[in-house]
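# Results of the structural survey
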Amino acid sequence: MPSSFDPSDAADGAAEAAGVSVRPLRELGDADRVSSLIGLVWGDQTLPRELIRAFQHAGTVLLGAERGDELVGFVFGFLGFEQGLHLHSHMLAVVPEHRSRGTGYALKLAQRAACLDLGIEEVRWTFDPLVARNARINLVKLGAVATRFLPGFYGEMRDQLNRGDLSDRFEVRWRLESKRVEAAVRGEATEPATGARLLEATGDPDASRPSETGLRPSPGALVQIPTDHLAIRRSDSDLGRVWREASGRAFAGCFSAGLVATWLTEDGSYVFERVEDAG
């Protein structure tokens, strides 16, 4: 791989483009800053300073994005052993005014570089499959693959982002040195071939409704999600629940058929492929 796409160089380039610097958070004061940022982003959710400090001492991957002296984001993960050694990336947070600037992407590339330095070749995490912005970053920009659907994964959640909704999640696997990930980091990933649409959004884009087509999952299957599910469920909780339930049925069908989610199209549709075609 050319030196310009060395993992550390790629991470540094992403941080520069986002206007931040990324570094390991090792000091006691950093633990306080992380705890404060968690409260800012999630509200009624905390990670005790003492626990953060213990993770720091143990050498877990805890990285912060700073603009000047301000901590504007962080990513945090710890080792997992289920189905092979990996880093479980548990939290990534960016303050509202720095979202959509590439800060989260820079943090993930820094996490990739740090893991490879430690000999860790895979990172996994969970995310809400109805958050289109995160899906696009995870699958398209980073080259991760969603391999499992986990309905109600966290049970009832009370933080300001998830309160009142089901905690359905996708688990993604990010194979850090795969050709798929290298292509994504280079900006050379290409959209896979698409097939039958299993779920589609109909009506007003700001208050769309899901329509299940009844087609069977097959390679290239498309499952469309709303442009902004959070906005929909805040304005119409019943419609938000309808989307959650309809998409859950489509996702479960695709994974049960042995497919994995590899892409999110411009119209907000997941593309499901065979495992062997996922790269």
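Preceding this section is the structure that the text describes.
Below: a short report on this structure. Nothing here was measured: the structure is a model prediction, and the numbers come from that model. (Residues numbered from 1 in each chain as written. Predicted model: local features only at pLDDT ≥ 70, side-chain atom pairs only at ≥ 80, totals over all residues. Heavy atoms only, no water.)

Here the focus is the overall build of the protein chain. Regarding its fold elements, the protein chain presents eight helices and twelve strands. For 279 residues, the compact-globule estimate of 2.2 N^0.38 gives 19 Å, and the protein chain sits close to it at 19 Å. Over its C-alpha atoms, taken along the principal directions, the protein chain stretches across nearly 55 × 45 × 35 Å. Looking at the protein chain as a whole, 48% of its 279 residues qualify as buried. Contacts spanning at least 24 positions in sequence make up 66% of the contacts within the protein chain whose residues lie at least 6 apart. Charged side chains of the protein chain number 32 positive and 40 negative; the gap between the two group centres comes to 2 Å. (Helix = DSSP H or I, 4+ residues; strand = E, 2+ residues; numbered from the N terminus. Rg over C-alpha atoms; globule rule 2.2 N^0.38 Å. Buried < 20%, exposed > 50% of the residue type's maximum accessible area, 1.4 Å probe, protein only. Contact = heavy atoms within 4.5 Å. Lys, Arg positive; Asp, Glu negative; His and termini not counted. Charge placed at Lys NZ, Arg CZ, Asp CG, Glu CD.)

This part takes up the pairing of strand β5 (residues 122-127). Most of β5 is tucked away: six of the six residues are buried. Across two bridges, the pairing between strand β4 (residues 86-94) and β5 is parallel. In the sheet register, His 88 faces β5, and the bridge partner there is Arg 124. Pairing of β5 with strand β7 (residues 169-175), which is carried by six bridges, proceeds in the antiparallel orientation. (Pairing = 2+ DSSP bridges.)

Relative to each other, helix α2 (residues 28-42) and helix α3 (residues 49-58) sit at 130°, their axes nearing to 9 Å. By the angle between their axes, α2 is oblique relative to α3. At the point where α2 passes α3, the crossing takes the right-handed sense. Contact residues: α2 offers Leu 28, Asp 30, Ala 31, Asp 32, Val 34 and Ser 35, while α3 offers Arg 49, Ile 52, Arg 53 and Gln 56. (Axes fitted to C-alpha atoms, helices over the stretch in contact; angles between N-to-C directions. Parallel < 35°, antiparallel > 145°, perpendicular 65-115°, else oblique. Left-handed = near helix turned anticlockwise from the far one by under 90°.)

We now examine the pattern of salt bridges. Taken as a whole and assessed by the stated rule, the structure comprises 13 salt bridges. Among the salt bridges present, the one from Arg 173 reaches Glu 171, with a minimum N-O distance of 3.9 Å. There is no split in this pair, since Arg 173 and Glu 171 are both buried. Each of Glu 122, Arg 124, Arg 148, Glu 171, Arg 173 and Arg 175 takes part in a single network of salt bridges with overlapping partners. (Salt bridge = Lys/Arg side-chain N within 4 Å of Asp/Glu carboxyl O.)

The next thing to look at is a negative patch on the surface. On the surface, a cluster of negative charge is contributed by Asp 6, Asp 9, Asp 12, Glu 16 and Asp 117. It is helix α1 (residues 7-18) that provides the largest number of residues to the negative patch, a total of three residues. By the secondary structure assignment, Asp 6 is in the segment before α1. (Patch = residues over 30% accessible without salt bridge, like charges linked within 9 Å, V, L, I, M, F, W, Y side chains within 5 Å. Areas by Shrake-Rupley, 256 points an atom, 1.4 Å probe, with all protein chains shown as cover.)

Position of Leu 71 relative to the elements: it lies in strand β3 (residues 70-80). For Leu 71, a relative accessible area of 9% translates into the label buried. The residues contacting Leu 71, other than those within four sequence positions of it, are Leu 25, Arg 33, Val 34, Leu 37, Gly 64, Ala 65, Glu 66 and Val 95.

Attention now moves to the nonpolar core. Counting residues in each nonpolar core, the largest one holds 72 residues, and the members touching the most others are Phe 74, Phe 170, Phe 251, Tyr 270 and Phe 272. Discounting residues that sit within four places of it in the chain, Phe 251 has contacts with Pro 129, Leu 130, Phe 149, Phe 170, Val 223, Ile 225, Tyr 270 and Phe 272. (Core = buried A, V, L, I, M, F, W, Y, C linked by side-chain atoms within 4.5 Å.)

Examined against the element boundaries, Lys 108 turns out to sit in helix α4 (residues 103-117). Buried within the structure, Lys 108 lacks any salt-bridge partner; Glu 122 is the closest side chain of opposite charge, at an N-O distance of 12 Å. A distance of 3.3 Å separates the side chain of Lys 108 from the side chain of Ser 89, its partner in a polar contact. Not counting residues within four places of it along the chain, the set of residues in contact with Lys 108 comprises Val 75, Ser 89, Leu 92, Val 123, Trp 125, Leu 142 and Trp 174. (Polar contact = N/O pair within 3.5 Å; in protein donor to acceptor, adjacent residues only side chain to side chain.)

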